[in-house]
Amino acid sequence: MKRLAGYIPNPRFTDLFPETSGNTVNGLGETEVRRASPFFWHPADKHDFGALQHEVIAYHRNSPEICEVFNPKAPRGPKPVERAKTRVEKPAADWAQEIKNFVLGDEGDLVGITAMDPMYTYEGYEIAHPWIIMIGVTMDYGELSKAPPSFEDPSAGVEVGRQYNRAARVCRRLANFILEQGWDAKAWPGPYASALNMIPAAIAAGLGELGKHGSMINRIHGSAFRLSAVTTDMPLIADKPDDIGVDDFCANCRICSEACPPQAIFDEKQMVRGVKKWYVDFDKCIPYFGETLACGICIARCPWSRPGTGPRLADKLARRRARKADEQNR
Ligand code: SF4
Ligand code: SF4
């Protein structure tokens, strides 16, 4: 997919932009560290982008296939059960292993645990639980590679909905399993946002690193996965972030930034809420995201997403680092 020369955003969406830029809400250029603000995928009364959000969703609902998969009646897992009155006590390491076995034995493909940090909740929200269990479910690359979805072929968008539904089922079943052990738990399914800011928590839990395209890159599945989570007071043990070397790789790769039709992906890291990181220009991305039924070109074109490529790249980067370390130690 080449950039669309002279791409002009659809006024259907741009006319609904409020005065404030989405990048201002996101804290682009801010040097002080702060929590992320509620934004586009949060309930419309939490931000100024409600009209735009409604229009994008209403437009996408013109596709019967998208409607069917992003539907409250879609299979998204059980309702919460009552917490058992008696608590099952086990060492944290045993629970952590049991939780991982549960997720991977259910419909989950990735799982990691991290301790709660106030930075993992959006401004104006609190989560009392001390632990976050991050869950990843992989996307079918054959479907993802058909991005961007359109009314003629919505396959890639349908695959997004299908996997969010799977992620919802896993997190809801896991939360119920924890409740049945007498511990508190809350499931956090996507794609709509709530209190939990999932990407930083998923990075801390070892599910991957942030790529230039603003999505995560996992060492095996690249960006072809979706997230859900469970927070809990069950005693657990935190995993470590996975330092794959994505930062160095992205610094020398321009596949996503060149493929992005509205040129929304910055080629250099930006200062965002006090941290230098990869960043996607919201104001440029969202109109194209709207008119293509959720775009996804950047994650589909990312070489890490191609089946079998991630492990090869990760190995290569690890070997390169080892070589450099050897040279420095000589
Ligand atoms: S999802 Fe946004 S950032 Fe990614 S390619 Fe599409 S328009 Fe660009
Ligand atoms: S396409 Fe290249 S630059 Fe973009 S996220 Fe993937 S590896 Fe990084």
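First, a word on scope: everything that follows refers to the structure included in this document.

Rules of the game
Residues numbered from 1 in each chain as written. Chains lettered and ligands numbered in written order. Predicted model: local features only at pLDDT ≥ 70, side-chain atom pairs only at ≥ 80, totals over all residues. Helix = DSSP H or I, 4+ residues; strand = E, 2+ residues; numbered from the N terminus. Rg over C-alpha atoms; globule rule 2.2 N^0.38 Å. Buried ≥ 20, exposed ≤ 12 C-beta atoms within 10 Å, placed from the backbone. Pairing = 2+ DSSP bridges. Axes fitted to C-alpha atoms, helices over the stretch in contact; angles between N-to-C directions. Contact = placed C-beta atoms within 7 Å. Expected span 1.5 Å × (residues − 1). Near = placed C-beta within 6 Å. Nonpolar A, V, L, I, M, F, W, Y, C, P; charged D, E, K, R; others polar. Left-handed = near helix turned anticlockwise from the far one by under 90°. Core = buried A, V, L, I, M, F, W, Y, C linked by C-beta atoms within 7 Å. Arc of directions from axis to C-beta.

1. Notes on the overall build of the protein chain
Counting its regular elements, the protein chain contains 13 helices and eight strands. Computed over its C-alpha atoms, the radius of gyration of the protein chain comes to 20 Å, within 12% of the 20 Å expected for a compact globule of 330 residues. Its C-alpha atoms give the protein chain principal-axis dimensions of about 65 × 60 × 40 Å. Burial analysis of the protein chain (330 residues in total) assigns 42% to the buried set.

2. So, the sheet that holds strand β1 (residues 110–115)
Ordered in space as β1-β2-β6-β3, the four strands form an open sheet in which the pairing is antiparallel. Bordering the open sheet on either side are β1 and β3 (185–188), each of which pairs with just one other strand. Between one strand axis and the next, the sheet turns by 20° as a mean value, whatever way the strands run. Relative to strand β6 (residues 225–232), β3 runs antiparallel, the two being bridged by four bridges. Across the sheet, residue K186 finds its bridge partner in β6, namely T231. Sheet contacts for helix α5 (residues 92–105): β1 and β2 (131–138); angle to β1, the most-contacted strand, approximately 145°. The sheet strands contacting helix α7 (residues 155–180) are β2, β3 and β6, and the helix crosses β6 at an angle near 20°.

3. Let's talk about helix α13 (residues 309–329)
With 21 residues, α13 should cover 30 Å at 1.5 Å per step; its first-to-last C-alpha distance of 30 Å lies within 8% of that length. By the criterion of burial, α13 is predominantly exposed, with just two of the 21 residues buried.

4. Points about the site of ligand 2
Neighbouring residues of ligand 2: G211, K212, H213, F249, C250, C253, I255, C256, C302, P303 and W304. Elements that contribute at least two residues to the shell around ligand 2 include exactly α9 (246–251) and α10 (255–259). Across the shell around ligand 2, the residue classes tally to eight nonpolar, two polar and one charged.

5. Some details on the site of ligand 1
Near ligand 1 there are 13 residues, and of these C260, C285, C295, I297 and C298 occur at the shortest range. Those elements that provide at least two residues to the shell around ligand 1 are α11 (282–291) and α12 (297–301). For the shell around ligand 1, a count of residues per class yields eleven nonpolar, two polar and no charged.

6. Some thoughts on the packing of α5 against α7
The geometry of a pair of packed helices is captured by two quantities: the angle between their axes and the separation between those axes. Two numbers describe how α5 lies on α7: the axes approach to 10 Å, and their chain directions differ by 145°. Where α5 crosses over α7, the handedness of that crossing is right-handed. For the pair formed by α5 and α7, the contact residues are I99, F102 and V103 on the first element and V170, L174 and F177 on the second. Classifying every residue of the contact of α5 with α7 by side-chain character gives six nonpolar, no polar and no charged.

7. With respect to the nonpolar core
The biggest cluster of nonpolar side chains holds 80 residues, and the ones touching the most others in it are I133, M134, I135, C171, A201, A229 and V230. Sorting elements by how many residues they give to this core places α7 first, with twelve residues.

8. Concerning the environment of T309
With respect to the element layout, T309 can be found in helix α13. What makes T309 partly exposed here is the crowd of 15 C-beta atoms within 10 Å. The spatial distance from the C-alpha of T309 to the C-alpha of F13 is 36 Å, given a sequence separation of 296 residues. Those residues in contact with T309, other than ones at most four positions away along the chain, are G222, P303 and W304.

9. So, unusual backbone geometry
Residue P148 follows A147 across a cis peptide bond; omega there is 5°. By the secondary structure assignment, P148 is in the loop between α6 (141–144) and α7. Here G190 and P191 are connected by a cis peptide whose omega angle stands at 5°. Relative to the helices and strands, P191 resides in the loop between β3 and α8 (198–204).

10. With respect to helix α3 (residues 50–60)
Inspection of α3 places L52, Q53, V56 and H60 among the buried residues, and these make up the whole buried set. Across the axial projection of α3, the buried residues extend over an arc of 100°, all falling on one side. Exposed side chains of α3 directed beyond 90 degrees from the buried face belong to H54 and A58.

11. Some details on the pairing of β2
With eight of its eight residues buried, β2 lies for the most part within the structure. Residues W131, I133, I135 and V137 line one face of β2 and the alternating positions I132, M134, G136 and T138 line the opposite face, and both faces are buried. In this sheet, β2 lies alongside β1 in antiparallel orientation, the contact comprising six bridges. Among the inter-strand pairings, V111 is bridged to a residue of β2, identified as I135. Pairing analysis gives eight bridges linking β2 to β6, with the strands arranged antiparallel.

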